Amino acid sequence: MKTFIAKRLLSSLVTLLVLSMIIFALVRASGNPAELLYEYPGAREEDIARQTEAWGLNKSWPEQYASFVWNIARFDYGESFQYGTSVRSLYFDRLPNSLLLAFWAFLISMAIGIPLGIMSAVRVDSWWDSFGKTFALLGLSVPSFFVALLLVLLFGVKLEWLPFLGKPDSFFDWRHLVLPSLALGWFFSGAMLRLTRSSMLEVLGSEYIKLCRLKGLPETVVIVKHALRNSFIPVLTLAAVNLVVMINVAVVVEVVFSWPGIGRLLYDGLINRDFPLVQGVVVMAGVMIVGTNFVVDVLYGYLDPRIRLTR
């Protein structure tokens, strides 16, 4: 088991290292942020050069990357060019807003995806199954920004039923959460439906389910007590990863609804070429996602010895 954990930990660290290289190179390929700061007419080259040096961007890429990795190892993600404060403080200031939105979007995706997936598997080749597959296809293919704009146009502008800009003043003010939560949970509900359906179909076709039916157990007991429990491992894994992804990468939804979360913070950093901000947000999101996968893999190894022997 120790060897298995060490291998998973090593692969996680390598993944984060590759992620840091990619985001480091991509943000610098976008151009010099000092040119945006001094883009007004009459800006002098010496002003741009002075600001570039102040931000440490005049150094070679290997030097900048070494400093970037060293700072990450000390949990220092640098200071934002745009806000003039530490990236870590900005991230954790916005994190509660993203947690609130992701929590409700997660509940919506689970409430829609899992029941429809179960019904599609139990009633395979029926109209329930056709409806479930169509819903999953739409959920995975229709972009979140299009769904968000439709919700704003219909329920916010035309009907004026729900507010669609900003966050609620209190935790119990649910009206501001409805539209962004639906828009964010739309895609993930489709993914949850497809995985639940395929996992349930695999279990329902297994030998021990056939044996349960031969024993004369009621169909409800067979589905709920035996099939559903044994098909939930991959579903819960996807649910955990989805929750972490919702927290960190809801960029489009947060921009459309002016939601002050991490996704909006990342968008502002990209627009302003705020290298430390973009790098810090992406790396911290990667740490959460990779860390979640690592914990899930280790738990799998404890629960099922076949996993740690085959990996």
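Below is a summary of the structure that appears in this document. Since this is a predicted model, take the numbers as computed values, not measurements. (Residues numbered from 1 in each chain as written. Predicted model: local features only at pLDDT ≥ 70, side-chain atom pairs only at ≥ 80, totals over all residues. Heavy atoms only, no water.)

**Topic: the overall build of the protein chain**
At step 1: Looking only at helices and strands, one finds 14 helices and 0 strands in the protein chain.
At step 2: Reading the protein chain from its N end, one meets helices and strands in the order α-α-α-α-α-α-α-α-α-α-α-α-α-α.
At step 3: Buried residues in the protein chain amount to 43% of all 311 residues.
At step 4: In the protein chain, once contacts between residues fewer than 6 apart in sequence are set aside, the share between residues at least 24 apart is 73%.
At step 5: As displayed, the protein chain has an accessible area near 17100 Å², and 67% of this comes from carbon and sulfur atoms. (Helix = DSSP H or I, 4+ residues; strand = E, 2+ residues; numbered from the N terminus. Buried < 20%, exposed > 50% of the residue type's maximum accessible area, 1.4 Å probe, protein only. Contact = heavy atoms within 4.5 Å. Areas by Shrake-Rupley, 256 points an atom, 1.4 Å probe, with all protein chains shown as cover.)

**Describing the packing of helix α5 (residues 87–122) against helix α12 (residues 262–271)**
At step 1: Taken N-terminus to C-terminus, the directions of α5 and α12 make an angle of 135 degrees; their axes are 8 Å apart at the nearest point. Judged by the angle between their axes, α5 and α12 are oblique. In this structure, α5 contributes Leu90, Tyr91, Arg94, Leu95 and Ser98 to the contact, and α12 contributes Ile262, Gly263, Arg264, Leu265 and Asp268.
At step 2: Residues of the contact of α5 with α12, tallied by class, amount to 5 nonpolar, 2 polar and 3 charged. (Axes fitted to C-alpha atoms, helices over the stretch in contact; angles between N-to-C directions. Parallel < 35°, antiparallel > 145°, perpendicular 65-115°, else oblique. Nonpolar A, V, L, I, M, F, W, Y, C, P; charged D, E, K, R; others polar.)

**What to know about the pattern of salt bridges**
At step 1: Within the structure shown, the criterion is met by 3 salt bridges.
At step 2: The salt bridge involving Lys133 is made with Asp129; its shortest N-O contact spans 3.8 Å. Note that Lys133 and Asp129 are positioned in helix α6 (residues 127–141) at a spacing of 4 residues, about one turn of the helix.
At step 3: Given a relative accessible area of 43%, Lys133 falls into the partly exposed group.
At step 4: Asp268 is the salt-bridge partner of Arg264, the closest N and O atoms lying 3.5 Å from each other. Here Arg264 pairs with Asp268, and both are found in helix α12, just 4 residues apart, close to one helical turn. (Salt bridge = Lys/Arg side-chain N within 4 Å of Asp/Glu carboxyl O.)

**Digging into the packing of aromatic side chains**
At step 1: According to the stated counting rule, one finds 11 aromatic pairs in the structure shown.
At step 2: Taken together through their ring pairs, the aromatic side chains of Phe24, Trp61, Tyr65 and Phe68 make up a single cluster. (Phe/Tyr/Trp six-rings, centres within 6.5 Å; stacked < 30°, edge-to-face > 60°.)

**Remarks on unusual backbone geometry**
At step 1: Of note in the backbone geometry, Phe75 takes a positive phi value of approximately 60 degrees without being a glycine.
At step 2: Among the structural elements, Phe75 can be located in the loop between α4 (61–73) and α5.
At step 3: Since its relative accessible area comes to 55%, Phe75 is described here as exposed.
At step 4: Despite not being glycine, Ser258 shows a phi value in the positive range, around 50 degrees.
At step 5: Note that Ser258 resides in the loop between α11 (251–256) and α12.

**Points about the nonpolar core**
At step 1: Leu184, Met200, Met246, Phe257 and Val281 are the most contacted members of the largest nonpolar core, which has 63 residues in total.
At step 2: For Val281, the residues in contact, after removing those within four places along its chain, are Val87, Tyr91, Ile262, Leu265 and Leu266. (Core = buried A, V, L, I, M, F, W, Y, C linked by side-chain atoms within 4.5 Å.)

**Concerning a nonpolar patch on the surface**
At step 1: On the surface, a nonpolar cluster with roughly 450 Å² of combined accessible area is contributed by Leu10, Val14, Val18, Ile22 and Leu26.
At step 2: Relative to the helices and strands, Ile22 resides in helix α1 (residues 2–29). (Patch = residues over 30% accessible without salt bridge, like charges linked within 9 Å, V, L, I, M, F, W, Y side chains within 5 Å.)

**Side note on the packing of α6 against helix α8 (residues 175–204)**
The relative placement of two packed helices comes down to the angle between their axes together with the axis-to-axis distance.
At step 1: Direction vectors running N to C along α6 and α8 enclose 135 degrees, while the axes themselves pass 7 Å from each other. Relative to α8, α6 is oriented oblique. In this structure, the crossing between α6 and α8 has a hand that is left-handed. Packed against α6, whose contacting residues are Asp129, Gly132, Lys133, Phe135, Ala136, Leu138, Gly139 and Leu140, the element α8 presents Trp186, Phe187, Ser189, Gly190, Ala191, Leu193, Arg194 and Arg197 at the interface.
At step 2: Residues belonging to the contact of α6 with α8 are distributed by class as follows: 8 nonpolar, 4 polar and 4 charged. (Left-handed = near helix turned anticlockwise from the far one by under 90°.)

Purely spatial values, then, with no claim about function.
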